[in-house]
Number of protein chains: 2
Amino acid sequence: MELWDTVEPPAARRLVAGAVDLFAERGFGGASTRDIAAAAGLSPGAMYVHFPSKAELLARIVLIVHEAALQAVSAAAAQADAPAARLRALVYTLARFHAAHQRGCRVVQNELGALAPDDWARIRVERRRVEALFRDEVAAGVAAGVFEAADVAGTARAIVSMCVDVARWYRPGGPDSPEDVGALYAHLALRMVRALP
Amino acid sequence: MELWDTVEPPAARRLVAGAVDLFAERGFGGASTRDIAAAAGLSPGAMYVHFPSKAELLARIVLIVHEAALQAVSAAAAQADAPAARLRALVYTLARFHAAHQRGCRVVQNELGALAPDDWARIRVERRRVEALFRDEVAAGVAAGVFEAADVAGTARAIVSMCVDVARWYRPGGPDSPEDVGALYAHLALRMVRALP
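Residues numbered from 1 in each chain as written. Chains lettered and ligands numbered in written order. Predicted model: local features only at pLDDT ≥ 70, side-chain atom pairs only at ≥ 80, totals over all residues. Heavy atoms only, no water.

In the nomenclature of an unreviewed UniProt entry, chain A is known as TetR family transcriptional regulator of Herbidospora solisilvae.

Caption draft 1: Inspection of the overall build of chain A at higher detail. A tally of helices and strands in chain A yields ten helices and zero strands. Going residue by residue from the N terminus, the α and β elements of chain A occur as α-α-α-α-α-α-α-α-α-α. Projected onto its principal axes, the C-alpha positions of chain A cover 60 × 40 × 25 Å. Within chain A, the fraction of its 197 residues that count as buried is 49%. Put simply, 69% of the contacts in chain A that link residues at least 6 apart link residues at least 24 apart. If you sum the accessible surface of chain A, you get close to 8,700 Å²; carbon and sulfur atoms cover 53% of it. One finds the centroid of the 22 positive side-chain charges in chain A at a distance of 3 Å from the centroid of its 22 negative side-chain charges. (Helix = DSSP H or I, 4+ residues; strand = E, 2+ residues; numbered from the N terminus. Buried < 20%, exposed > 50% of the residue type's maximum accessible area, 1.4 Å probe, protein only. Contact = heavy atoms within 4.5 Å. Areas by Shrake-Rupley, 256 points an atom, 1.4 Å probe, with all protein chains shown as cover. Lys, Arg positive; Asp, Glu negative; His and termini not counted. Charge placed at Lys NZ, Arg CZ, Asp CG, Glu CD.)

Caption draft 2: Examining the interface of chain B and chain A more closely. In this assembly, 28 residues from chain B lie in contact with 28 residues from chain A. In this assembly, chain B and chain A are joined by four salt bridges. For Arg191 of chain B, the salt bridge is made with Glu148 of chain A, and the minimal N-O distance between the two is 3.9 Å. Breaking the side of chain B that touches chain A down by element, the ones donating at least two residues are α6 (102-111), α8 (152-164), α9 (166-169) and α10 (178-192) of chain B. For the side of chain B that touches chain A, the class distribution of residues is ten nonpolar, seven polar and eleven charged. (Salt bridge = Lys/Arg side-chain N within 4 Å of Asp/Glu carboxyl O. Nonpolar A, V, L, I, M, F, W, Y, C, P; charged D, E, K, R; others polar.)

Caption draft 3: Geometry of the UniProt feature "DNA-binding region" (unreviewed entry) in chain A. As annotated by UniProt and renumbered to match this structure, "DNA-binding region" (unreviewed entry) occupies residues 32-51 of chain A. With 70% helix and 0% strand, the stretch residues 32-51 of chain A has end C-alpha atoms that lie 14 Å from each other. (UniProt positions renumbered as here; feature names shortened; annotations may be inferred.)

Caption draft 4: Quick peek at helix α1 (residues 10-26) of chain B. Taking 1.5 Å as the rise per residue, α1 of chain B with 17 residues should run 24 Å; its terminal C-alpha atoms sit 24 Å apart, in good agreement. For α1 of chain B, every residue scored as buried is listed here: Ala11, Ala12, Leu15, Val16, Gly18, Ala19, Val20, Leu22 and Phe23 of chain B. (Expected span 1.5 Å × (residues − 1).)

Caption draft 5: Representation of the nonpolar core in the model. Of all hydrophobic cores here, the largest spans 66 residues; its most connected members are Val91, Phe134 and Tyr185 of chain A together with Val91, Phe134 and Tyr185 of chain B. Excluding residues that lie within four positions of it along the chain, Tyr185 of chain A makes contacts with Val91, Ala95, Met162, Cys163, Val166 and Trp169 of chain A together with Ala158 of chain B. Core analysis: the next-biggest nonpolar cluster, separate from the first, contains 35 residues, Trp4, Ile36, Val65 and Phe97 of chain A among them. (Core = buried A, V, L, I, M, F, W, Y, C linked by side-chain atoms within 4.5 Å.)

Caption draft 6: Summary view of the relation of the copies chain B and chain A. Rotating chain B by 180° and moving it 0.0 Å along the rotation axis overlays it on chain A with an RMSD of 0.0 Å. Here the symmetry operator amounts to a two-fold rotation axis. A shared interface surface links the copies, since 100% of the contact residues of chain B are contact residues in chain A too. (Least-squares fit on C-alpha atoms with pLDDT ≥ 70 in both.)

Caption draft 7: Here's a closer look at the UniProt feature "domain: HTH tetR-type" (unreviewed entry) in chain A. Look at the UniProt record and you will see "domain: HTH tetR-type" (unreviewed entry) annotated at residues 9-69 of chain A. Taken end to end, residues 9-69 of chain A has its terminal C-alpha atoms 23 Å apart, with 77% of it in helix and 0% in strand.

Caption draft 8: Fine view of the packing of aromatic side chains. Inspection of the entire model under this criterion finds four aromatic pairs over all chains. A centroid spacing of 6.0 Å and a plane angle of 65° characterise the contact between Trp169 of chain B and Tyr170 of chain B, whose relative ring orientation is edge-to-face. Using a relative accessible area of 15% as the deciding quantity, one classes Trp169 of chain B as buried. Here Lys54 of chain A stacks its cationic end above the ring of Phe28 of chain A, 4.3 Å away from the centre of that ring. (Phe/Tyr/Trp six-rings, centres within 6.5 Å; stacked < 30°, edge-to-face > 60°. Lys NZ or Arg CZ within 6 Å of the ring centre and 35° of its normal.)

Caption draft 9: Fine view of the side chain of Gln102 of chain A. Residue and element names in this part refer to chain A. Examined against the element boundaries, Gln102 turns out to sit in helix α6 (residues 102-111). Classification of Gln102 by relative accessible area gives buried; the value is 12%. In this structure, Gln102 is in contact with Ala167, Tyr170, Arg171 and Pro172, ignoring residues within four places of it in sequence.

Caption draft 10: Expanded view of helix α1 (residues 10-26) of chain A. Contact partners of the buried residues in α1 of chain A: α2 (33-39), α3 (44-50), α4 (54-78) and α6 of chain A. One or two steps after α1 of chain A, the chain reaches Gly27 of chain A, where phi turns positive at roughly 80°.

Caption draft 11: A look at the environment of Gln109 of chain B. For Gln109 of chain B, the position within the fold is in helix α6. Owing to a relative accessible area of 6%, Gln109 of chain B belongs among the buried residues under this scheme. Not counting chain neighbours up to four residues away, the residues in contact with Gln109 of chain B comprise Arg106 and Arg168 of chain A together with His98, Val164 and Ala167 of chain B. In terms of polar contacts, Gln109 of chain B uses its side chain to reach the backbone carbonyl oxygen of Val164 of chain B, at 2.8 Å. (Polar contact = N/O pair within 3.5 Å; in protein donor to acceptor, adjacent residues only side chain to side chain.)

Caption draft 12: Focus on the pattern of salt bridges. Using the criterion set out here, one finds 20 salt bridges over all chains in the structure. Here Asp165 of chain B and Arg168 of chain B are joined by a salt bridge, their closest N and O atoms 2.7 Å apart. Taken as a pair, Asp165 of chain B and Arg168 of chain B share a single burial class, namely buried. What you see here is one network of salt bridges that share partners, running through Glu25, Arg26 and Asp35 of chain A.

Caption draft 13: Highlighting the environment of Leu112 of chain A. Residue and element names in this part refer to chain A. In this structure, Leu112 sits in the loop between α6 and α7 (117-143). Classification of Leu112 as buried rests on a relative accessible area of 14%. As a C-alpha pair, Leu112 and Phe28 span 84 residues in sequence and 9.8 Å in three-dimensional space.

Rendered as structure tokens:
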């Protein structure tokens, strides 16, 4: 299941999937609209019906990935009822997401700088929501006396950063499944906040 | 002090510095050799005297960054005499390096896929040396009974990953100095291996 399987209509879905492939291979600057349209079996003119520019196509990809990540971690956190269980669920889910959707996440990370200012402003809101979930959980654990963290914001940022960077090094088909990576990272994150057993 | 300050002759140095700026701004695929040459005050023909292709210019940048990182962490590890002190020095140095040289490190991370196969093979050797330094140190600490890590390779990879990802989120001039980031990350890494106090 790819993150863009639900994009409608199918021509827009093919454009998104083709653009992810080409951006992954050549970068946003190196992929032409002509090639992206061809990958979706369309003429450049037909592409503009769905996406007025290559930058708007990138923005759609970035938005899909961020909304899916936010939805996944929010759902995971909602199922746990204590700071350690919630932090474990958040880290497991975010690390697994970046392994399971490595290619799309990697494109997003590499090409954020190519977003138009308005699109970047919107995405920043999503990113801050994800970061806030982690920071709030670290803070809640410290307040409850079950975590130790002198620098709550810096520790939460390091945990998110470690999960996000999975998309840089992870290779599908390697020895570790996305679930393996999620479990190890959840364990390491609980150690980072010195969660009491 | 930039990592390319010692590149000779000065025209090659200006090409490297200009290429890093343009790759950071537009990506490798989006930056033309004409623009890179212009940024260095040269004609495209004069650029080819120093770098036969844009890919070879990228390879030089990648090599400079990797050699400097390997040299920095090797020197740091050599000054400490026990696993915890060495791991602390390794993490402090690698995280600080990625903050202090954020721009160059970020370009390298984003554009590794654009390297020619031979250049990538050479760089992989450098990357594995860095990773091996961390893995060996985690293993040494476990063997000495001062670290706890069920998955030595995965834990070491997570520690390196967290340091490397500093180049993605760090902004020079923000509240944290490269030294602050290094100190926090060294502290977190020692917790990840449950270094005994």
